[in-house]
Amino acid sequence: MKPPPFHYAAPSSVAEAVELLVAHAAAEPRVLAGGQSLIPLMNFRLAQPGHLIDLRNVAELDGIRVDGGVLVIGAMTRQSVVERSPEVALTAPLLAEAVGLVAHAPIRNSGTIGGSIAHADPAAELPAVALALDAELVATGPEGTRTIPAAEFLLGPFSTALRPDEILTEIRIPRRGGGHAFVEFARTHGNFALVGVAAQVEIEAGRVARAAIALTGVAPTAIRATAAENALLGAAPGAETIAAAADAAVTGLTPAADLHASAATRVALARSYVHRALERAISRAQDRR
Amino acid sequence: MTGQKRHITLTVNGRPVSADVEPRRLLVDLLREDLGLHGTHIGCEHGVCGTCTVLRDGASIRSCITFAVQADGAEISTVEGLAQGATLHPLQEEFWEKQGLQCGYCTPGMLMRACEIIERNPDPTPEQVREEIASNLCRCTGYQFITEAVVDAAKRMRADSDSTTGAQT
Amino acid sequence: MTIVDRSAPPVRTHKDNRKWVGKSIRRVEDPKFLRGGGGYIADLVTPDMLHVAVLRSPHAHARIAAIDTVAALSAPGVHAVITGARAAALCDPLPDFGPDPANHTWRCLAVDTVRYVGEGVAVVVADDRYLAEDAAALIEVEYEPLDPVVDPERALAEGAPLVHEPLGSNCAYDRTFDFGDVETDFAEADVVIRDRLRWHRSGGQPLETVGAIADFDHATGELTVHTNSLSFTSYLFMVAGTLKIPTNKLDIIPVPAGGSFGSKLFATKPSVIAGMCSREVGRPVVYLEDRVDNMSNCDHHGSDRVYEVELAMMRDGTMRSLKIDTIDDYGAYIQFGVGHHGNALAQVTGPYRIGSVRYRVRAVLTNKNQQGAYRGFGSEVNNWMLEQMVDKAARELGLDPVQVRRQNFVRTFPHFIPTGNVYDSGNYDAVLDQALKLSDYDRWRAEQRRLLEEEGRYIGIGLITAQERSVFSATEFWFWFDEPGAPVTSMPESVTLKVDATGGITATLYSCAFWGNSPETMVAQMVAEEFDVDPYSVSIVYRGSRDGLPATGPGGSRTTVMLAGAVEGATAKIKAKARQAAAHLLEIDPDDLEWVDGGYQVKGVPERRKSLGDIAIALHLFKHSFPEEIESGLEDSKVFDHPYTTMPSADRKDLGVFYPFMGHACHVPVIEVDIETGGVRFLSYAAVHDCGTLVNPRSLAGHIVGGTAQGIGTALYEEFAYDDDGQLQATSFLDYLIPSAMEVPELKIGHAETPSPYTPHGIKGGGEGGRMMAPAALNVAVNDALAPLGVRVTELPMTPDRLLTAIRNARESR
Ligand SMILES: Cc1cc2nc3c(=O)[nH]c(=O)nc-3n(C[C@H](O)[C@H](O)[C@H](O)COP(=O)(O)OP(=O)(O)OC[C@H]3O[C@@H](n4cnc5c(N)ncnc54)[C@H](O)[C@@H]3O)c2cc1C
Ligand code: FES
Ligand code: FES
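Keep in mind that this is a model prediction, so the values were computed, not measured. (Residues numbered from 1 in each chain as written. Chains lettered and ligands numbered in written order. Predicted model: local features only at pLDDT ≥ 70, side-chain atom pairs only at ≥ 80, totals over all residues. Heavy atoms only, no water.)

Turning our eyes to something else, we now look at the interface of chain A and chain C. Between chain A and chain C, the residue contacts involve 24 residues of the former and 32 residues of the latter. Summed over both partners, the interface of chain A with chain C comes to about 2,300 Å²; 59% of that surface belongs to carbon and sulfur atoms. If you sort the residues of chain A by the area they bury against chain C, Met1, Arg187 and Leu259 of chain A come out on top, with a joint share of 27%. At the boundary of chain A with chain C, the tally comes to four salt bridges. (Contact = heavy atoms within 4.5 Å. Buried area = accessible area lost by both parts, 1.4 Å probe. Salt bridge = Lys/Arg side-chain N within 4 Å of Asp/Glu carboxyl O.)

In structure tokens:
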């Protein structure tokens, strides 16, 4: 289980990295972030990039700041840094809760937020958080920089709107009020979850004013549970509302079966976890007011 | 061409090291084969088991899913750096005392992981230790005596540092 | 006519004032491991060695039409590429104790046909592992896919694709054994409890894979192999024969293993591959399995059984007889035959007085990696099966599950079970009583009712009582055939003790690899006990097969008992000589001396004594102080043979004694099932074991916890699942789920000590107990939790998917 050979470069700026991606386009280049998804794939020889462009020296991609109510996280910021960041805890507690559920601490010590979102594993937590919080993903390519709404970013399993010569540079997360929750069911601690649910719920005058729910593990990408959100909007947040939303969230889902769970089991897990997420998010929203 | 080697310099257990490595060389192979530090083991080579755990700038990482070139400029600590001559590290003492090992294969990774756990939380509860060491698999012990060892090592290390601070004042 | 010899070895009296045996000393082997200096097989790799990578089959069943190795051969750093066809010219088939070796030939690489995903088709020898894998990827194999056979029951059906054409069917073995009067017992029974049970395959999966370093010397024709398997002293022919090397030109040297759990028992293939390659290239060669090699091609997956069982009972709870019909999916080959069922038959009736047993076993071949050994070797499956039946009986008869067990306990020892094996000693009531207390059983029963009624929570209590056989004997190979192919009867273990001129003691162990068990600590404690020395002062040396004394190595929980016998025997010889020497030095009759506190002294005259050191220096350096017949030096060996084996009867209605030292345990997990997710969570777990006299209680406790953790894996998480096409689904640790610290609860451990009357100090083996109990206990617990829903789970592992499906089905059928 040794990785295949590749060309390697470690540029120190985004511009340089993009240039390298363009120059080596024929060699199927890949960006290397923390390597915590890419290197295992290479060890299994399931990924064989001809050229790796390591972003570890690109200082501009590392860091967390709050910019006019928007949390801005550099793509190369390590997950463990996100986990411990007071800015994140304050502005995007949903992200803070979710990132602690990504793998194990030693993997988060290397893995980056950008790598996780760019990798777009349908079981991953962070793409779902980006989706639930309407994050914007900033990408830089040879034509310049563009901003992609999370809803348009995730295209399929391990597939995103990033072009082969683009680099994800920043994740911009607008601040949301109310209560949050990220809950998931993993068969063993730290392993990829079978199903995960991100929820952010705002309550005004005893009614749900805004609800965002995203699910992992039930579709080719993380998805928003729009029907469940609609079921919540304007409703009084009680047990019945939550149950109706949980039912709505899974209506029409056709998850793929795999070794660990049949489609029916995934649907059952999703319903149960939407329930749990909403209970927690709503109770936090109520506490917060 | 792809085999073109890169020059890297890093610190391993406090000693400066430089090496010419192929970019694909895994950090664990640099440590084990090029530097002869056999204490860091290989269990799965896909990041799950944690037998290859080392510290990079004080933070535990999987050396089997880290390229050696990614460690350029870093400070790496391995199990070989724990004992000071004849004196075992408190974690090693407690693992021995509590029989926190059977085959010993996961042990170096567990010890390095435990270093970080105690560094971040000098007074962990058994429940916290369990959750934190869940990053590392052990196929032999069932974790119970490892948990006891880490809790008691933390206690010992607190006592040690109290006595050093005490001596200074 | 069933004629059996029931002669037992003499009953021993054990001394009760032991100084070292019974102490939880820190293990003597640990410091090197703690410092990262374990010296495992991968640590012995040096830059001059060449590395092997195996190209594995992506197909479950296919004919190999062509292999093109040209590109691989010209890849950088490549020294050799050996295909299956070439390997077949270089090596004979691998050793196979199966029923019909010529009809299911097993080789180190597949020749014309691949029979499972992961089977090796070629190897590359290159400068390093990276280059070897690069080149392996360049080998082009043209496969003609064949229909695979995956399900063991379908494999038995007419017209199923054949795994081995020459065999003519996929059934490698089918025999029914009757022990006792089954028909009468069934006829007299009030009720018959029936069930169908399914145990899927898991495996040892130690964190270190199997590896071998081979160095063939063309000048001498000698091959040296370092490996983390056994050193094979008694079974050297297994590797030598395959490589066609005389056994006296082969030295196999064991190195510490990073765990085995059975899976490194006779791991011959890696040694053969490394040996073959070294001989071809004339250089030292290392073959280390990587994780995918180990998961898919290790030859050591665990049992994979379907059971149809009938338990004949009286209404009052008395157990009468058992009919067991099992189909065991062995995968593509069958190296150990159906030895797994010998393990089951050693304790087939559990701790209960069951008068008769019918046992049918069908060994089926399918397109999967073959079975080998995994902690319990098939007896753990029997424990699970029997406890599910007892549990079901209690439920159906409305009896208390604790009482049903207790009422059937064996209480007089030695006790011969219907198969002929003996239970040497035990006190099952004492273990049960301790477990009930330790687990707070009554409180949990009340709590269980309350939580269901008040909070709708599903709590389950899984009390089981089961056996832990130890110290296996080779006569197991006899059972299966009227004319056994391998009629061996020897399973020795040897130790040499040497007292040097200063009184320092060195113990030499043969064949006995360190596998995470504690052979050094065990021997050090036993030597300390014998000679009144500090156990840490004892030096322990391992010797390879060359010049090695007969030895079999670990397996079947035999190491500690067998080493104890060898140490005891070697000690007796040394002490006899020391006594003679001391008598001479003290000018007194040897019979007037007694061993006291590390030396011989004149009875009643403590001032007149010679310490072991005094005697040793005299024997080493002052030859002329002694009469002619006393040789210099103080060293002796003991080849300790299995202490209690009797032969099976010719008609195999009685298998004789082959697993006599019978441990016992009671496990009581308390769990909660989340009926929305199928997740299982522990609330409490108590385990009481009786493995006879304890040598190091903490070490044994460590094995209990570790074995239980593996049993939890078997019960809830681990499965080598193959899909309908024979593709292995779990090829990484992301899918093959080994429990982490968060899946394993803190155990409350209790020990009971019923010494064996037949072993030194009364020790029994205790290496496998945790895994022999936990799957049974967890299944009982989960069924206990889900009983209010009308759910009974009969399949392991109990994954969330299986539990949710069972709950759904129960709801729909209501
Ligand atoms: C044992 C184990 C368990 C895990 N469990 C989980 C889990 O439970 N949940 C979870 O979400 N993840 C899990 N992971 C994956 C982990 O979170 C990874 O860190 C993450 O998916 C990828 O981040 P990385 O920085 O390591 O990216 P890399 O592995 O370096 O890159 C991943 C992919 O993204 C691309 N990429 C990376 N950064 C950029 C960028 N800035 N611009 C464009 N493309 C980029 C790379 O080219 C590559 O294709 C686990 C990993 C392991 C080994
Ligand atoms: S060897 Fe690195 S995590 Fe298993
Ligand atoms: S001690 Fe063997 S794997 Fe942990």
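Let us keep going from here.
Attention now moves to the environment of Ser756 of chain C. Residue and element names in this part refer to chain C. By the secondary structure assignment, Ser756 is in the loop between β29 (748-752) and α19 (769-786). For the pair Ser756 and Gly663, spaced 93 residues apart in the sequence, the C-alpha separation amounts to 9.3 Å. Not counting residues up to four positions away in its chain, the partners in contact with Ser756 are His14, Asp424, Ser425, Phe661, Gly762, Ile763 and Lys764. There is a polar contact of 2.7 Å between the side chain of Ser756 and the side chain of Asp424. (Helix = DSSP H or I, 4+ residues; strand = E, 2+ residues; numbered from the N terminus. Polar contact = N/O pair within 3.5 Å; in protein donor to acceptor, adjacent residues only side chain to side chain.)

Time to look at the domain arrangement of chain A. All names here are of chain A. Once the domains are mapped, chain A shows domain 1 (7-54), domain 2 (59-174) and domain 3 (179-285). Between the C-alpha centres of domain 2 and domain 3 there is a distance of 21 Å. The interface is formed by 23 residues belonging to domain 2 together with 24 residues belonging to domain 3. Regarding the contact of domain 2 and domain 3, the summed buried area is about 1,900 Å², with carbon and sulfur atoms giving 61% of it. In terms of surface lost to domain 3, no three residues of domain 2 exceed Leu94, Glu97 and Pro122, which account for 26% of the buried area on that side. For Asp134, the salt bridge is made with Arg210, and the minimal N-O distance between the two is 2.8 Å. In this structure, the connection of domain 2 to domain 3 is made through seven residue pairs in polar contact (both at pLDDT 80 or more). Within the residue set of the side of domain 2 that touches domain 3, elements represented by two or more residues are α5 (93-99), α8 (125-132) and β8 (154-156). The leading source of residues in the side of domain 2 that touches domain 3 is α8, at six residues. Within the side of domain 2 that touches domain 3, the residues separate by chemical class into 17 nonpolar, two polar and four charged. (Domains from an automatic or database assignment. Nonpolar A, V, L, I, M, F, W, Y, C, P; charged D, E, K, R; others polar.)

Moving on to the interface of chain B and chain C. Opposite the 53 residues of chain B that make contact, chain C presents 56 residues. Between chain B and chain C, a total of about 4,500 Å² is buried, with carbon and sulfur atoms accounting for 55% of that surface. Connecting chain B to chain C are six salt bridges. Between Glu718 of chain C and Arg139 of chain B there is a salt bridge, with the nearest N and O atoms lying 2.7 Å from each other. Inspection of the region where chain B meets chain C yields 34 residue pairs in polar contact (both at pLDDT 80 or more). Elements with a minimum of two residues in the side of chain B that touches chain C: α1 (27-34), α2 (90-97), α3 (107-120), α4 (126-133) and α5 (144-168) of chain B. Top contributing element to the side of chain B that touches chain C by residue count: α2 of chain B, with five residues.

Attention now moves to a nonpolar patch on the surface. All names here are of chain C. A surface patch of nonpolar side chains, about 280 Å² in accessible area, is lined by Ile617, Leu621 and Phe622. Among the structural elements, Phe622 can be located in the loop between α17 (612-621) and β26 (635-640). By relative accessible area, which is 42% here, Phe622 ends up partly exposed. (Patch = residues over 30% accessible without salt bridge, like charges linked within 9 Å, V, L, I, M, F, W, Y side chains within 5 Å. Areas by Shrake-Rupley, 256 points an atom, 1.4 Å probe, with all protein chains shown as cover. Buried < 20%, exposed > 50% of the residue type's maximum accessible area, 1.4 Å probe, protein only.)

Okay, helix α20 (residues 800-812) of chain C next. Between its first and last C-alpha, α20 of chain C extends 18 Å over 13 residues, near the 18 Å set by a 1.5 Å rise per residue. Listing the buried residues of α20 of chain C in full gives Pro800, Asp801, Leu803, Leu804, Ile807 and Ala810 of chain C. Against the buried residues of α20 of chain C lie β11 (179-186) and α12 (263-288) of chain A together with β27 (661-674), β28 (679-690) and α19 of chain C. (Expected span 1.5 Å × (residues − 1).)

What follows is about the side chain of Asp329 of chain C. Along the chain, Asp329 of chain C falls in strand β14 (residues 319-331). Looking at Asp329 of chain C, its side chain comes within polar contact range of the main-chain nitrogen of Gly331 of chain C, at 3.0 Å.

Turning to the sheet that holds strand β23 (residues 593-596) of chain C, a few remarks are in order. All names here are of chain C. Taken together, three strands build an open sheet; the order of strands is β23-β24-β25 and the sheet is antiparallel. Two strands bound the open sheet, and with one partner strand each, they are β23 and β25 (605-611). Between one strand and the next, the sheet's axes are offset by a mean angle of 40°, whatever the strand orientation. Here helix α16 (residues 559-586) sits on the sheet and contacts β23, β24 (599-602) and β25; the angle it forms with β24, its principal contact strand, is near 45°. Lying over the sheet, α17 contacts β23, β24 and β25, oriented at roughly 45° with respect to β25. (Pairing = 2+ DSSP bridges. Axes fitted to C-alpha atoms, helices over the stretch in contact; angles between N-to-C directions.)

Glancing now at the domain arrangement of chain B. All names here are of chain B. The assigned domain composition of chain B is domain 1 (6-81) and domain 2 (90-163). On a C-alpha basis, the centroid separation for the pair domain 1 and domain 2 is 21 Å. Both faces combined, the contact of domain 1 with domain 2 buries some 1,200 Å², and carbon together with sulfur accounts for 59% of it. Inspection of the domain 1/domain 2 interface yields eight residue pairs in polar contact (both at pLDDT 80 or more). Listing elements by their share of the side of domain 1 that touches domain 2, those giving two or more residues are β3 (53-56) and β4 (59-62).

To continue, consider the UniProt feature "domain: FAD-binding PCMH-type" (unreviewed entry) in chain A. Following the UniProt record, the feature "domain: FAD-binding PCMH-type" (unreviewed entry) maps to residues 1-178 of chain A here. Across residues 1-178 of chain A, the secondary structure splits into 33% helix and 25% strand, with the terminal C-alpha atoms separated by 47 Å. (UniProt positions renumbered as here; feature names shortened; annotations may be inferred.)

What follows deals with the state of the cysteines. Among covalent bonds in proteins, the disulfide is the one between the sulfur atoms of two cysteines. Residue and element names in this part refer to chain C. Counting across every chain of the model gives zero disulfides over all chains. No disulfide involves Cys691; its sulfur sits 14 Å from the nearest other cysteine sulfur, which is in Cys666. What makes Cys691 buried here is its relative accessible area of 3%. (Disulfide = S-S within 2.5 Å.)

A word on the site of ligand 1. All names here are of chain A. As a matter of local geometry, ligand 1 sits amid 33 residues, with Val31, Gly35, Gln36, Ser37 and Thr112 nearest to it. At a separation of 3.4 Å, an oxygen atom of ligand 1 approaches a polar backbone atom of Ser116. Coverage of ligand 1 by the protein chains reaches 95% of its 960 Å² of free accessible surface. Only β2 (29-32), α7 (113-119) and β10 (167-174) provide two or more residues apiece to the shell around ligand 1. Of the residues belonging to the shell around ligand 1, the class tally is 17 nonpolar, 14 polar and two charged. (Near = heavy atom within 4 Å.)

Turning our eyes to something else, we now look at the sheet that holds strand β1 (residues 50-56) of chain C. Residues and elements named next belong to chain C. Overall, mixed pairing links the seven strands, which are arranged β3-β5-β1-β12-β9-β10-β11 in an open sheet. The sheet is open, and its two borders are formed by β3 (78-83) and β11 (250-254), each paired with just one other strand. Neighbour to neighbour, the strand axes of the sheet diverge by 20° on average, direction disregarded. As judged from the four bridges shared by strand β9 (residues 211-217) and strand β12 (residues 285-288), these two strands associate in the antiparallel manner. Across the sheet, Ala214 pairs through a bridge with Val285, a residue of β12. Each of β1, β3, β5 (120-126) and β12 is contacted by helix α4 (residues 129-136), which is oriented at about 30° to β1, the strand it contacts most. Contacting β1, β3, β5, β9, β10 (222-227) and β12, helix α8 (residues 268-281) crosses the sheet at an angle of about 30° to β9.

A separate point is the pattern of salt bridges. All told, the structure shown has 92 salt bridges over all chains when counted by the stated rule. One salt bridge connects Arg172 of chain A with Glu170 of chain A, and the closest N-O pair in it is separated by 3.5 Å. Among the ionic contacts, a cluster of salt bridges with common partners joins Arg45 of chain A, Glu22 and Arg24 of chain B together with Arg56, Arg129, Glu133, Asp134, Asp290 and Asp293 of chain C.

Another aspect to go through is the packing of aromatic side chains. Residue and element names in this part refer to chain C. By the definition in use, this model includes 28 aromatic pairs over all chains. Above the face of the Phe216 ring, Arg279 is positioned so that its terminal group lies 5.9 Å from the ring centre. Here the guanidinium or amino end of Lys575 rests over the ring plane of Phe531, the centre of that ring lying 5.6 Å away. (Phe/Tyr/Trp six-rings, centres within 6.5 Å; stacked < 30°, edge-to-face > 60°. Lys NZ or Arg CZ within 6 Å of the ring centre and 35° of its normal.)

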